[in-house]
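Coordinate inspection notes
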Amino acid sequence: MADTKDATSSNQMWGGRFASGPDAIMEEINASIGFDKKLFAQDIRGSIAHATMLAEKGIISPEDKDQIVSGLNTILSEIESGQFEFSRKLEDIHMNVEARLATLIGPAAGRLHTARSRNDQVALDFRLWVKEELTKTERMLTDLIAAFLDRAEEHAETVMPGFTHLQTAQPVTFGHHCMAYVEMFGRDRARVRHAIDHLDESPIGAAALAGTGFPIDRHMTAKALGFREPTRNSIDTVSDRDFALEFLSVAAICAMHLSRLAEEIVIWSTPQFGFVRLSDAFSTGSSIMPQKKNPDAAELVRAKTGRINGSLVALLTVMKGLPLAYSKDMQEDKEQVFDAAENLELAIAAMTGMMRDMTIREDRMRAAAGSGYSTATDLADWLVREAGLPFRDAHHATGHAVALAEKKGCELAELSLDELKAINPAINDKVFDVLTVDASVASRQSFGGTAPSEVRKQIAYWRGRN
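What you see is a predicted model, and the numbers here were worked out from it, not measured in a lab.

What follows concerns the overall build of the protein. Broken down by element type, the protein carries 19 helices and six strands. In summary, the protein has a C-alpha radius of gyration of 31 Å against a globular reference of 23 Å for 466 residues, an excess of more than 25%. Burial statistics for the protein: of 466 residues in total, 47% are counted as buried. Taking as baseline every contact in the protein between residues at least 6 positions apart, the subset at least 24 positions apart corresponds to 74%. Positive and negative side-chain charges in the protein, numbering 52 and 66 respectively, have mean positions lying 1 Å apart.

Another aspect to go through is the side chain of Ser117. With respect to the secondary-structure elements, Ser117 resides in the loop between helix 6 (93–105) and helix 7 (118–154). For Ser117, a relative accessible area of 13% puts it in the buried group. Sequence-distant contacts of Ser117, that is, excluding residues within four places in its chain, are made with Ala207 and Ala208.

Attention now goes to the packing of helix 11 (residues 242–268) against helix 12 (residues 296–319). Here helix 11 crosses helix 12 at 160°, and the two axes come no closer than 8 Å. Between helix 11 and helix 12, the interaxial angle falls into the category roughly antiparallel. Between helix 11 and helix 12 the crossing geometry is left-handed. Residues that form the contact of helix 11 with helix 12 fall into these classes: 18 nonpolar, five polar and three charged.

Moving on, we get to helix 15 (residues 376–387). Between its first and last C-alpha atoms helix 15 spans 16 Å; for 12 residues at 1.5 Å apiece the expected length is 16 Å, and the two agree. For helix 15, the full list of buried residues reads Ala376, Asp378, Leu379, Ala380, Trp382 and Leu383.

What follows deals with the environment of Lys89. Turning to its location among the elements, Lys89 is positioned in the loop between helix 5 (62–80) and helix 6. In this structure, the C-alpha to C-alpha distance between Lys89 and Leu245, residues 156 residues apart in sequence, is 29 Å.

Between helix 5 and helix 6, whose axes approach to 9 Å, the crossing angle comes to 120°. The orientation of helix 5 relative to helix 6 falls into the category oblique. Relative to helix 6, helix 5 is oriented so that their crossing is right-handed. Facing helix 5, whose interface residues are Gln67, Ile68, Gly71, Leu72, Thr74, Ile75 and Glu78, helix 6 presents Val97, Arg100, Leu101, Leu104 and Ile105. Considering only residue class, the contact of helix 5 with helix 6 consists of seven nonpolar, three polar and two charged.

Rules of the game
- Residues numbered from 1 in each chain as written.
- Predicted model: local features only at pLDDT ≥ 70, side-chain atom pairs only at ≥ 80, totals over all residues.
- Heavy atoms only, no water.
- Helix = DSSP H or I, 4+ residues; strand = E, 2+ residues; numbered from the N terminus.
- Rg over C-alpha atoms; globule rule 2.2 N^0.38 Å.
- Buried < 20%, exposed > 50% of the residue type's maximum accessible area, 1.4 Å probe, protein only.
- Contact = heavy atoms within 4.5 Å.
- Lys, Arg positive; Asp, Glu negative; His and termini not counted.
- Charge placed at Lys NZ, Arg CZ, Asp CG, Glu CD.
- Axes fitted to C-alpha atoms, helices over the stretch in contact; angles between N-to-C directions.
- Parallel < 35°, antiparallel > 145°, perpendicular 65-115°, else oblique.
- Left-handed = near helix turned anticlockwise from the far one by under 90°.
- Nonpolar A, V, L, I, M, F, W, Y, C, P; charged D, E, K, R; others polar.
- Expected span 1.5 Å × (residues − 1).

Below, the structure written as structure tokens:
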């Protein structure tokens with residue numbers, strides 16, 4: 001009876017979910033199969049390459065290799081068809097696959113783990129998965145850039161207000177505004193490509209941390225798995241998660257860009273702006289207000305940035321205090337990357353869809369383009385160029401003109417020549433050529449400027465890139 005009482009007390013201490021005591025807690029905290037089963041294809045691919053190399057080097061027999069490869073392909077089919085039963089007691093994807101392989105082919109399965117460790121095995125699986133995900137992200141960013149190029153070409157001459165501090169600054173074209181995002185997402189794509197290049201080294205063969213005494217050929221497995229070369233230090237190989245951190249860093253910067261775009265779409269779609277109209281596919285209604293059309297897709301893209309940023313900070317925090325080489329803490333790397341990847345894919349896809357099918361309301365953009373005295377800088381530039389004023393003096397004179405127009409409740413172009421000459425006698429009737437929105441936009445022909453001719457040059461440049 002005493003033993004029963006003690007066991008009951010122990011169970012109560014551990015809590016209801018872990019009624020069986022410490023063993024249940026250890027299984028719960030140690031098992032990773034709930035999420036790392038996502039790596040099944042990479043794990044099997046890596047094992048096939050490893051077994052093939054072992055046979056080629058005479059470390060295992062060709063017969064054992066053939067059985068191993070056949071068994072692994074059977075397991076792959078079972079998982080893909082949903083027939084495979086994953087076990088938490090076997091902890092992770094590696095042990096689940098190995099246990100099933102032993103059932104299928106017997107003792108030969110035990111030879112597969114020769115000259116490798118779960119440490120280099122998981123590093124390989126994860127690296128392969130991240131590389132594939134980065135490749136997918138690169139394709140999706142290319143599609144997003146193409147959507148912006150199409151809209152920029154369509155609206156190279158569509159005028160709109162440009163903003164600083166969210167206040168009307170100078171007129172620009174919507175095409176030029178679209179090309180700003182092409183530059184942003186182009187940098188994101190370049191970062192993706194750099195990340196692929198940085199991780200393009202094969203970890204397999206580093207073993208637990210010190211390499212192996214077997215005569216393996218790591219260059220052979222690297223080539224078979226599509227890597228540029230093998231990693232060069234076995235300690236760093238099993239303790240490195242820079243490739244995961246770089247993926248998350250790239251994802252966080254890209255998500256930030258998507259969020260900035262989402263914020264603009266939210267603002268532009270309000271009745272107060274009315275610059276764009278979202279399709280029903282990317283909007284929802286209100287449960288109580290029938291007139292509402294909410295930009296939910298854009299808002300959710302904006303929100304997902306927080307999740308992706310959080311994943312980066314979480315993994316940085318996991319890694320910051322780990323001594324070399326491998327520590328179990330690193331099991332916490334995958335869920336962050338998986339979640340960030342899923343949400344980044346969704347955000348890019350949603351934004352690509354929104355950009356392709358939103359309606360651009362050119363009339364509303366044009367009406368707003370001249371508001372807020374957006375051509376004031378053109379007046380100041382004219383005074384410098386035509387009247388020879390120092391820019392600071394021209395700026396001061398233009399300020400007087402804006403104050404007068406504000407007082408009269410009119411635009412700069414609606415001031416009379418006499419009123420402008422009273423501010424500075426050097427002003428003549430040619431000044432009105434620069435005070436219209438179209439003239440302002442057309443004059444900005446500096447490299448990378450908003451003039452339609454420059455916008456088209458940049459579109460042609462980006463269409464020529466790959």
